[in-house]
Amino acid sequence: MSELILIAAAAENNALGINNDLPWHLPDDFKRFKALTTGHKIIMGRKTLESFPRALPKREHIAITREKGYRPKFECTMVHSLEAALALAENDDKAYIIGGGEIYRLALPFATKIELTRVHAQFEADTFFPEIDLADWELVHEEYHPKDGAHAHDFTYLTYVRK
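The rules behind the values
Residues numbered from 1 in each chain as written. Predicted model: local features only at pLDDT ≥ 70, side-chain atom pairs only at ≥ 80, totals over all residues. Heavy atoms only, no water. Buried < 20%, exposed > 50% of the residue type's maximum accessible area, 1.4 Å probe, protein only. Helix = DSSP H or I, 4+ residues; strand = E, 2+ residues; numbered from the N terminus. Pairing = 2+ DSSP bridges. Core = buried A, V, L, I, M, F, W, Y, C linked by side-chain atoms within 4.5 Å. Contact = heavy atoms within 4.5 Å. 1 Å grid on protein atoms, 1.4 Å probe; cavity = no way out; pocket = protein on both sides within 12 Å on 5 of 7 lines; lining within 4 Å. Points joined across faces, edges and corners; volume = space filled by probe spheres on them. Nonpolar A, V, L, I, M, F, W, Y, C, P; charged D, E, K, R; others polar. Axes fitted to C-alpha atoms, helices over the stretch in contact; angles between N-to-C directions.

### Digging into the pairing of strand β4 (residues 60–64)
Extensive coverage of β4 is indicated by the burial of 4 of its 5 residues. In the sheet, strand β3 (residues 41–45) pairs with β4 via 5 bridges, with the strands oriented parallel. Looking at the pairing, M44 lines up with A63 of β4. Here β4 runs beside strand β5 (residues 77–79); their pairing, made up of 3 bridges, is parallel. Residue pairing for β5: I64 is matched across the bridge by V79.

### With respect to the nonpolar core
Membership of the largest hydrophobic core comes to 27 residues, with the highest contact counts inside it found for L6, I43, I97, I114, L116 and F129. Among the elements that line this core, the one with the most residues is strand β1 (residues 3–11), at 4 residues. Apart from the residues within four sequence positions on either side, I114 is in contact with L6, L108, F129, I132, W137, L158, T159 and Y160. Grouped together as the second largest cluster of nonpolar side chains are 14 residues, I5, F33, I42 and Y70 included.

### Points about the layout of surface pockets
Considering only enclosed or pocket space, the largest pocket measures out at about 1,300 Å³ in volume. Across the lining of the largest pocket, the residue classes break down as 21 nonpolar, 14 polar and 12 charged.

### What to know about the environment of L88
Along the chain, the position of L88 falls in helix α3 (residues 82–88). Residue classification places L88 among the partly exposed residues on the basis of a relative accessible area of 38%. A sequence separation of 17 residues divides L88 from R105, and the C-alpha atoms of the two residues are 19 Å apart. In this structure L88 touches K41, I62, T77 and V79, once residues within four positions along its chain are discounted.

### Re the pairing of β1
In terms of residue burial, β1 counts as a mostly covered element, since 9 of its 9 residues are buried. For β1 and strand β7 (residues 113–119), the ladder comprises 7 bridges, and the chain directions are parallel. Among the inter-strand pairings, A8 is bridged to a residue of β7, identified as L116.

### Considerations on the side chain of K113
Along the polypeptide, K113 turns up in strand β7. K113 has contacts with E3, L4, I5, L6, W137, T159, Y160 and V161, leaving out every residue within four places of it along the chain.

### Here's the deal with the environment of T48
Residue placement: T48 occurs in helix α2 (residues 46–50). Given a relative accessible area of 13%, T48 falls into the buried group. With 31 residues separating them in the primary sequence, T48 and G17 have C-alpha atoms 10.0 Å apart. With sequence-adjacent residues up to four places away left out, T48 is seen in contact with N20, I98, G99 and G100.

### With respect to the sheet that holds strand β10 (residues 155–162)
Here 8 strands make up an open sheet; going across it, the order is β5-β4-β3-β6-β1-β7-β10-β9 and the pairing mixed. Single-partner strands in this sheet number two, and they are β5 and β9 (137–145). When strand polarity is set aside, the average angle formed by the axes of neighbouring strands in this sheet is 20°. Each of β1, β3, β6 (94–99), β7 and β10 touches helix α1 (residues 27–37); the most contacted strand, β10, lies at about 30° to it.

As C-alpha cells, then:
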C-alpha cells in the first residue's frame, strides 16, 4: 500500500478513551473521520471493534485480536497480528489504523501519515495515543476549530507526514 495512515482524536495528554468510549463528542471530527476513511480498509483492535454498535458503512473492517475463535458481532475480517492486517491491505492505495492505543503504538513505525485531531483539554483515560517524535514527522496541515454549541472543546486537525 502506498499510505498507512493513523487517524485519531487525542487530548493534549494523549488521552484517547476511557471504558471503551470517547471522553468527548465532536460531530465535525466524526464527519471528517467518515470522509477520510470511507472506501478504504480500517484496521483496529478488538476493543475498538466492540465499541461500534454496527459496522461502519462503505469501509472494510479488519480487526486484530489475540483471542483464538473470537466471533465479532458483525461482518469483519479477524486476524491475529498487525502484520497479517497490513498484508490484507497491501494492494490498496490507503489503509487507516483507527485504534486503540496498542494498535497505534504497533503501527506507528509503519505509518506514512498521521491524521490527528488534537482536543484542547486534558482527560482521564485508560487508553492513550503514542507520543509523536517530531524528528520523524513533518506537520503539513493545521486547522483550528473553536468550541461552539455542538463542540464542548476547542480542537485542531493536524496532518503529519513521515520525513
